[in-house]
Each structure stands twice: as structure tokens, then as C-alpha cells.
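Observations on the three-dimensional arrangement
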2 protein chains.
Amino acid sequence: MKKGLRLGVDIGGTLVKLAVVDERGLVLKRAQTDALKNPKSLVEAVHEEISDWGEKNFLGTGVAVAGDVDPVRGVVRFSTNLGWTNVPLVDLFRRCGFPKPFHFENDATAAAWGANHLECGGRARNLVVVTLGTGVGAGLIFDGKIYRGATGTAGELGHTPVGGEGVACLCGSRDCLEAYMGGAALMTWATNAYTQKRRSKIPVSPKELALAARRGDAVAKEAWIRGGRALGTALASLLNLLNPDTILLAGGLAKSADLFLPTARKVMMERAFHTPARVVRVRVAKNSEDLGVVGAALLVE
Amino acid sequence: MKKGLRLGVDIGGTLVKLAVVDERGLVLKRAQTDALKNPKSLVEAVHEEISDWGEKNFLGTGVAVAGDVDPVRGVVRFSTNLGWTNVPLVDLFRRCGFPKPFHFENDATAAAWGANHLECGGRARNLVVVTLGTGVGAGLIFDGKIYRGATGTAGELGHTPVGGEGVACLCGSRDCLEAYMGGAALMTWATNAYTQKRRSKIPVSPKELALAARRGDAVAKEAWIRGGRALGTALASLLNLLNPDTILLAGGLAKSADLFLPTARKVMMERAFHTPARVVRVRVAKNSEDLGVVGAALLVE
């Protein structure tokens, strides 16, 4: 990889993270801005944010987006979280004067590439990075290379069926992993459970739900354990199908892994085949917050 | 690939298929023998079968086995169908005097490689071959190469959770695809259904069950449709996670695809994301019977 600085942009459903990244994946400078729903306004706000970063010195711009991205055409085909359909992001970045060349990628895929560099010394073989945020996604590294599938859509782990209570998922199906373990789903279930128990003080975010669970609140604890069971079922299916050597958990919810990972691990070991279960290492990514923005930057040639 | 003839051996739970295969994947000669439970007896019986095939002219022997195979050490770690644990197959083949070098592979993986050559002109990009037999497996080609995972175990599609009635699977879990769509599971369900209806003439094989369904027998039709629903759920999960361009159905049950594929397709389209569902082609392999034995042979360097 060419020595020098690249600009990384990680567009999530709520926040846009920006970073200047060197060829080793080190973050030299960072900022963030709100993820505006209008794509043009968002790109302009990002450009404003980096206006004094000396953009002429950059080797290019890598952009990660939470959604179904066409990396070849630089188009966001679809993003539930951003409410975008067929947004030609490459044109918006080009017109705004961001440093060329560009690389566009799904955010979980970018996170997997970032994890390869930041967590595996660039030597990952068969790595799955599971992003646990509002929704649940995955980035895939197979035999040392990014795997994107036929159209760049691969990695939608959040829609693995996990059995259960017939819970509706935003995708239109039922009993998807995301309908149990996504941040949105966790809060829906917890809010209902608290309301039924006529509790007045209800956690309003996964962070508060984690604090409540750590204080011993039974409803909050059960919310995380229920999510952990769904995650364990999906991970077992993943192990049986893909036999990865490493699974890293990233995204905001990974910070609360102490509340759901023991359950997920137990269910995973019960359901998965012996050989893939024995070899895989499952852990929380150390640099969880930076994986997407660093991966996006490092994908610039 | 070097021009010349290779010996292919495909060891299934019931039968062993043997073939002489040229470098284009053409089968020049074939035979079959029973899959004996004793590994040494099986290998000797296979050797006996090919004794007059002029083995000195072969460039090597490719062996596909229904089970968890270590391709590097040539060991069958585990095979439910054959009842084998840690069988050093490479030693048995070597001692018996089969033509060297050897290549050992899981049967579904070998089938995927055979399908690449026989069905996709050797240019498969992202191909999943689903083997529908007594159990359900899959062979994976990602970005034009065989994907085996960390230990060669990848492809256990049969143990994708598909929701449902809590049916126990031989693997110890519940509601796996194989517990609905495997040949064994189909027959268990159908036999129960017929018995409850006090029917005297009960189909005793998937082949007979297919004939009964085609004659309009309601129980038989429902058995296949129920299997199709489970297959559709698992294929949707596969599409979302892996975004393949082609899914080929192979194995004995693929011959009855007219009875379950329309249902599977419908459920798959309902559950899968738009982009991967739009691009994928799902069809029955034309050379279903030969995929494993040809793929095994062509894997010999």
C-alpha cells in the first residue's frame, strides 16, 4: 500500500465519522457530524467539516455507508437507516471537490477491512465482523480478501432466521436476528416489558438499558439475554456454513457484550458443529469505533 | 490443467461412485459399489472394482466423502452417514495402491467444483451447490475459488435454522433445514402423516413419495411443499448473507424439484432482500449425478 494519508468517511444512520488515516491504519485526526437525510446536504456538511484539513495532501477518499452499496458505480442502492434509494454518492463527493480517487463500500464490509488491519495485523484469513448497532450487519473476509458477493450486498447477517416468537422485522420477514438483537428491537421489547410491569422509569437507549442491567434490573437483564440467544443461534448457523477462524463483534452494542455474549456463546456452542465451534475465536473488537472509517480509508488504492 | 485421465471416487452414505474423468470433466468410464461401513473394506472393494481400469495411466485419484473432511491431512474427521470418526483415508488409499497424487474433499465441495466445470464452463464466480440427499449440504465457490473455511468444514447449509415446529435434527439442534428437507426427514414426516390417516400403502423412499405426489396424493404433496418452505427460508438467509449469482440444486431429491422448488422460490423471494433476490439464478443441475465424482477427479493437480 502506498505511503501517505487518506480521508475516511463512515456514514451511519445517526452520525458521520471522519478521519485522516495513514497507511498503517493509524487515525491522525478525527471529527464527526450529523447524518443529514438529504444526501447533498450531508456531503456538503462533511466537506465543511474537513475544510481546513489540507485535503490536497490526501491520496484519496474512502466512504463507508450503512446500506446496500454498489462499490463499482459508487451508488447507494438502498439504505433503510438513511432513507436513501439510488443515491449517486460518487457524483456528490466528486462535485464537492473531495480528494480523488474514491472508494465506496458498505459500512460492515469497510469495518471488516479495518479489523483486518487494526485487529489482525493485516493477516486475517476467514474473518466475520458482526456490526451490532440499530441494525445488525456483517463484513466478510474470505481467504484473506473482502467478499462482496455478486452485487456487493453480501453480509446481511441480521436477516438470518433465528426462530422464536414470530417477531416482525423491518425487512418484512419474521424472526430475523435483527428483530431480536438490533438496538431498535432491543428497545421495543424492553419498552413493552417495562410498560406491562407499569414501571415509570424506562431506559430510552441501549446504553441506559445496559446500565440498568448492570444494576441488576431483571427486565433489562432479560432483554440482553434474549438478544444473546438470537445472536448465538445466528452465529451457530454462520459457523456451520462458513467455518470462520475469527468473529469480531463491533458497533455500539458490542460495548455491552458482557450482558449478552456469554448467552450467545453458550447457544452457539450447543447448535454449531464440533469442528467449526472448536477453532473459532469470538471476541469484541478493541477498536470497535474506528473500524469502518479506517477500513474505508485503507480501501483507497 | 494437465491433460490426461484422473480417477474420481465419490463416497456417499449408501453408494460409492467411481469414474474415469478427462481434463474437460468428461466421464469416460463409470462404476459403483456399496458404501461399506468398514473404511478398509470399502477402499479394498473400490480397488477391486477398478482393477482392470489400467490405473497406471491415471494422473491421480480424487476422493469426495460425505462428511467433515480435513483436505490437508486426508482424514475424515466425522461422517454421520458412514458412522466414521477420524478415519485416515489417505493412508488406506495409498496402501491399497491407488494412483497418486491424492486429493480429498467434502462431497458437496467436490460437487461445487464439478458444477463449475460441467454447468458453468469453468467460469463460476459466486456459486452455491445445494446437495439434497439423505441430508442437506452445500459446496461454495466464492470469487471463482473453492471456499473451505478455516478447517475445511464450510458448507453445512443443512443446519441453518428455519423456524417451524421445533423438529429435532440429528445434529442435536432443532428446526434445522435438514430436519425438514433432508430425505430422511421427509420420510419421517410423511410416514407419521400416513400412519395418522391409517393409510395402508405408504411410500418408503423419496422416489416413491415423489411418484405419489405426482399422482395427486395430498399427504405426499404436502410433504414436499413443507420441505420447500424450509428450503426457501434457508435460501433467503443464504442470499442475504452471501449474495451468490447462481444456486444449483443437486443430489437425489433435486429430481423432484417440480414438487418443492416453486414453494421454495416463493418463500425465498418473500424473505430475501431485493438486490440479491433479483440477480440470483436458482436451478436444478443438469449433471446432478456426476458433479461429486467429476469435481473430485478435477481437483487432482
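Structural data are supplied above this passage.
This section reports on the structure supplied with the text.

Rules behind the numbers
- Residues numbered from 1 in each chain as written.
- Chains lettered and ligands numbered in written order.
- Predicted model: local features only at pLDDT ≥ 70, side-chain atom pairs only at ≥ 80, totals over all residues.
- Helix = DSSP H or I, 4+ residues; strand = E, 2+ residues; numbered from the N terminus.
- Rg over C-alpha atoms; globule rule 2.2 N^0.38 Å.
- Buried ≥ 20, exposed ≤ 12 C-beta atoms within 10 Å, placed from the backbone.
- Contact = placed C-beta atoms within 7 Å.
- Least-squares fit on C-alpha atoms with pLDDT ≥ 70 in both.
- Pairing = 2+ DSSP bridges.
- Axes fitted to C-alpha atoms, helices over the stretch in contact; angles between N-to-C directions.
- Core = buried A, V, L, I, M, F, W, Y, C linked by C-beta atoms within 7 Å.
- Nonpolar A, V, L, I, M, F, W, Y, C, P; charged D, E, K, R; others polar.

A look at the overall build of chain A
- Along the backbone of chain A there are 10 helices and 13 strands.
- For a compact globule of 301 residues, the expected C-alpha radius of gyration is about 19 Å, and chain A comes in at 19 Å, within 12% of that figure.
- The C-alpha extent of chain A, read off along each of the three principal axes, is 55 × 45 × 35 Å.
- Within chain A, the fraction of its 301 residues that count as buried is 59%.
- Put simply, 65% of the contacts in chain A that link residues at least 6 apart link residues at least 24 apart.

Comments concerning the relation of the copies chain B and chain A
- Superposing chain B onto chain A requires a rotation of 180° together with a translation of 0.0 Å along the rotation axis, leaving an RMSD of 0.0 Å. The two molecules are tied by a two-fold rotation axis, judged by turn and shift. Among all residues of chain B, the minimum C-alpha distance to the rotation axis is found for G163 of chain B, at 2.1 Å.
- The share of interface residues of chain B whose copies in chain A are also at the interface is 97%, consistent with both copies meeting through the same surface.

What to know about the sheet that holds strand β5 (residues 68-70) of chain B
All names here are of chain B.
- The strand order across the open sheet formed by 3 strands is β5-β6-β7, and the pairing between neighbours is antiparallel. Looking at which strands have only one partner, the edges of the open sheet turn out to be β5 and β7 (84-87). Across the sheet, the axes of successive neighbouring strands diverge by a mean angle of 15°, strand direction being ignored.
- Pairing between strand β6 (residues 75-79) and β7: 3 bridges, direction antiparallel. Opposite V76, over in β7, you have V87 as the bridge partner.

Concerning the nonpolar core
- Counting residues in hydrophobic clusters, the biggest one holds 219 residues, and the most contacted among them are V129 of chain A together with V129 of chain B.
- When neighbours within four sequence positions are excluded, V129 of chain B is seen to be in contact with A108, A111, A112, A115, A138, G139, L248, A250, A285 and L291 of chain B.

What about the pairing of strand β8 (residues 102-106) of chain B?
All names here are of chain B.
- Within β8, 4 of the 5 residues are buried, which leaves the element mostly enclosed by the surrounding structure.
- Summarising the sheet, strand β4 (residues 61-65) and β8 pair through 5 bridges and their orientation is parallel. Among the inter-strand pairings, V65 is bridged to a residue of β8, identified as N106.

Regarding the sheet that holds strand β3 (residues 27-34) of chain A
All names here are of chain A.
- Pairing within the open sheet is mixed, and its 5 strands lie in the order β3-β2-β1-β4-β8. This sheet does not close on itself; its edge strands, each paired only once, are β3 and β8 (102-106). Averaged over all pairs of adjacent strands, the angle between their axes in this sheet comes to 15°, without regard to strand direction.
- Where strand β1 (residues 6-11) meets strand β4 (residues 61-65), 5 bridges bridge the pair, whose relative direction is parallel. Counterpart to G8 in the pairing with β4 is G62.

A look at the interface of chain B and chain A
- Residue-level contacts link 37 residues of chain B with 36 residues of chain A.
- Where the side of chain B that touches chain A is concerned, the elements lending two or more residues are α7 (218-242) and α9 (274-279) of chain B.
- If you tally residues by element for the side of chain B that touches chain A, the top one is α7 of chain B, at 5 residues.
- In the side of chain B that touches chain A, the residues fall into 14 nonpolar, 14 polar and 9 charged.

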